[in-house]
Amino acid sequence: MVPQILASVACNFVLLDLNSCLGYPTIIIAQLTKSGEIPLSESQASWLGSIAYICQPFGSLSSGLLVEWLGRKRFMLLLNIPFLTGWLLMCFAPSYPVLVLASVIIGVTIGLTEAPINSYIGEVCQPEIRGIMTSCAGVFYQCGFFVEYLLGSLTTWRKTAGISAAIPIFTAIYIFLVPEAPIWLVSKGRIKEAENALCWLRGWVEPSAVKQELTELIRYHEDTKLTSSNPAAGNAAYLNPSFVQDNGRADNKVTTVVVADASQNVERRLWSEMKERIRDIMQPPTLRPLLLVIPFFFFIHFSGLTSIRPFMVQVFKEFDMPISGEWAA
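Residues numbered from 1 in each chain as written. Predicted model: local features only at pLDDT ≥ 70, side-chain atom pairs only at ≥ 80, totals over all residues. Heavy atoms only, no water.

1. As for the overall build of the chain
Here's step 1: For the chain, the count of helices and strands is 19 helices and zero strands.
Here's step 2: By residue count, 38% of the 329 residues in the chain fall in the buried class.
Here's step 3: Contacts spanning at least 24 positions in sequence make up 74% of the contacts within the chain whose residues lie at least 6 apart.
Here's step 4: Here the chain has roughly 18,300 Å² of accessible surface; of this, 67% comes from carbon and sulfur atoms. (Helix = DSSP H or I, 4+ residues; strand = E, 2+ residues; numbered from the N terminus. Buried < 20%, exposed > 50% of the residue type's maximum accessible area, 1.4 Å probe, protein only. Contact = heavy atoms within 4.5 Å. Areas by Shrake-Rupley, 256 points an atom, 1.4 Å probe, with all protein chains shown as cover.)

Rendered as structure tokens:
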């Protein structure tokens, strides 16, 4: 169980970096508005506080595809590069456009973190601790804001960015030491690596101890692959020129007909898969949590907390708090 916790915490450090980035605009807007080191109008401050949220969906749209292509571990490793780049740009920014560029990079990267974190935790943890480890993400979520606001209360915005740049470096080292998700390795045919990953995650045990679980993972993957690929069985052969030649049907007219039929089969398969996904979403085990989560996110954001967060220091100053706005935040 301990190795699974250690592997899950690696994901949570990505969350720590993510929410440090979300908390940073509060610090920089408050300090630049007061010091004038880089002139910042109200409009510019508004853009600086919101542009990361605007760019986030662009990363989210490609997150699922990239994590399936690169793998959970490798993708989380690579995420630390743009996070580090964004922090360094913030630390050494000579002007407002550089701050905007850093915010764009960070915003897209925040969106990219959507897919790998929960996927990895769900795939490396056994059911009895999976829910607990997923819930622990909320602790790191709040810690990211707390650490950033604390640094902003103690030092300047540049030093805060410089110190925060250590988080992606440490996170990358940590993630490098944990294994890849076994089910993803199985899906890529890397059975031996999947076995080694399972041995690590189940307490650094011998391969014999995970033989049954590995067999079940392989069977699950094969069943899933068979279900998804069965409608298109034989399409690859028809699309292969050597198949056409071997059967004496190499003229252009026949080839065109075969390719057209194969394309129609692929379209039908994709449409069938889409309908299957929609059917899955409408099933009670999926629909019930969706009906809880979607209103929760709607109300928590519609309440205004997300939109006022970059200006939280100024809001507390307007309330004439008995302590500084930085410490109140």
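There is more to say after this.
2. Focus: unusual backbone geometry
Here's step 1: The phi dihedral of Trp 204 falls on the positive side, at around 55°, and the residue is not glycine.
Here's step 2: Summarising the element assignment, Trp 204 is placed in the loop between helix H11 (191-201) and helix H12 (211-229).

3. Remarks on the side chain of Glu 148
Here's step 1: On the secondary structure map, Glu 148 appears in helix H7 (residues 137-154).
Here's step 2: Only 3.0 Å separates the side chain of Glu 148 from the side chain of Ser 164, close enough to count as a polar contact. (Polar contact = N/O pair within 3.5 Å; in protein donor to acceptor, adjacent residues only side chain to side chain.)

4. Description of a nonpolar patch on the surface
Here's step 1: A surface patch of nonpolar side chains, about 820 Å² in accessible area, is lined by Phe 146, Val 147, Leu 150, Leu 154, Phe 319, Met 321, Ile 323 and Trp 327.
Here's step 2: For the nonpolar patch, the leading source of residues is H7, giving four residues.
Here's step 3: Looking at where Leu 154 falls in the secondary structure, it is placed in helix H7.
Here's step 4: With relative accessibility at 58%, the residue Leu 154 sits in the exposed group. (Patch = residues over 30% accessible without salt bridge, like charges linked within 9 Å, V, L, I, M, F, W, Y side chains within 5 Å. Salt bridge = Lys/Arg side-chain N within 4 Å of Asp/Glu carboxyl O.)

5. Examining the packing of aromatic side chains
Here's step 1: Evaluation of the coordinates by the stated rule reveals eleven aromatic pairs.
Here's step 2: For the ring pair Phe 13 and Phe 170, a centre distance of 5.1 Å and an interplane angle of 65° mean the geometry is edge-to-face. In this pair, Phe 13 sits in helix H1 (residues 2-35) while Phe 170 sits in helix H9 (residues 166-177), placing the two residues 157 residues apart along the sequence.
Here's step 3: Residue classification places Phe 170 among the partly exposed positions, given a relative accessible area of 44%.
Here's step 4: Judged by centre distance (5.5 Å) and plane angle (70°), the ring pair of Phe 296 and Phe 297 falls under edge-to-face.
Here's step 5: The exposure class assigned to Phe 297 is partly exposed, which follows from its relative accessible area of 46%.
Here's step 6: Ring-pair connections join several aromatic residues into one group, and the members of that group are Phe 13, Phe 140, Phe 170 and Tyr 174. (Phe/Tyr/Trp six-rings, centres within 6.5 Å; stacked < 30°, edge-to-face > 60°.)

6. Quick notes on the packing of H1 against H9
Here's step 1: Their axes nearest at 9 Å, the elements H1 and H9 cross at an angle of 160°. It follows that H1 is roughly antiparallel to H9 by the angle criterion. Of the two possible hands of crossing, H1 and H9 adopt the one that is left-handed. Contacts between H1 and H9 involve Leu 6, Val 9, Ala 10, Phe 13, Val 14, Leu 16, Asp 17 and Ser 20 from the former and Ile 167, Pro 168, Phe 170, Thr 171, Tyr 174 and Ile 175 from the latter. (Axes fitted to C-alpha atoms, helices over the stretch in contact; angles between N-to-C directions. Parallel < 35°, antiparallel > 145°, perpendicular 65-115°, else oblique. Left-handed = near helix turned anticlockwise from the far one by under 90°.)

7. Observations regarding the nonpolar core
Here's step 1: Grouped together as the largest cluster of nonpolar side chains are 69 residues, with contacts concentrated most on Ile 28, Leu 99, Tyr 120 and Trp 157.
Here's step 2: The biggest single contributor to this core is H1, with 16 residues.
Here's step 3: Among residues more than four places away in sequence, those in contact with Leu 99 are Ile 28, Leu 32, Ile 38, Leu 48, Met 90, Ala 93 and Trp 157. (Core = buried A, V, L, I, M, F, W, Y, C linked by side-chain atoms within 4.5 Å.)

8. Topic: the UniProt feature "transmembrane region" (unreviewed entry) in the chain
Here's step 1: The UniProt feature table records "transmembrane region" (unreviewed entry) at residues 47-67, 74-90, 96-117, 129-151, 163-186 and 289-312.
Here's step 2: Secondary structure content for residues 96-117 is 95% helix and 0% strand, while the C-alpha to C-alpha distance between its ends is 32 Å.
Here's step 3: Spanning residues 289-312, this segment combines 79% helix with 0% strand, and its end C-alpha atoms are found 32 Å apart. (UniProt positions renumbered as here; feature names shortened; annotations may be inferred.)

9. Regarding the packing of H1 against helix H2 (residues 42-70)
Here's step 1: Where H1 meets H2, the axes come as close as 10 Å, and the angle between the chain directions of the two elements is 175°. The orientation of H1 with respect to H2, classified from their angle, is roughly antiparallel. Touching Leu 22, Pro 25, Ile 28 and Ile 29 of H1 are Ala 45, Leu 48, Gly 49 and Tyr 53, all from H2.
Here's step 2: For the contact of H1 with H2, a count of residues per class yields seven nonpolar, one polar and no charged. (Nonpolar A, V, L, I, M, F, W, Y, C, P; charged D, E, K, R; others polar.)

10. With respect to the pattern of salt bridges
Side chains bearing opposite charge may pair, as long as their charged atoms lie close to each other.
Here's step 1: According to the stated counting rule, one finds seven salt bridges in the structure shown.
Here's step 2: Note that Glu 37 and Arg 158 form a salt bridge whose closest N and O atoms lie 2.9 Å from each other. One end of the pair, Glu 37, is in the loop between H1 and H2; the other, Arg 158, is in helix H8 (residues 157-164), with 121 residues separating them in the sequence.
Here's step 3: For Glu 37, a relative accessible area of 45% puts it in the partly exposed group.
Here's step 4: Ionic pairing is found between Arg 72 and Glu 68, a salt bridge with its closest N-O pair at 3.1 Å.
Here's step 5: Here Glu 68 falls in the partly exposed class, since its relative accessible area comes to 40%.

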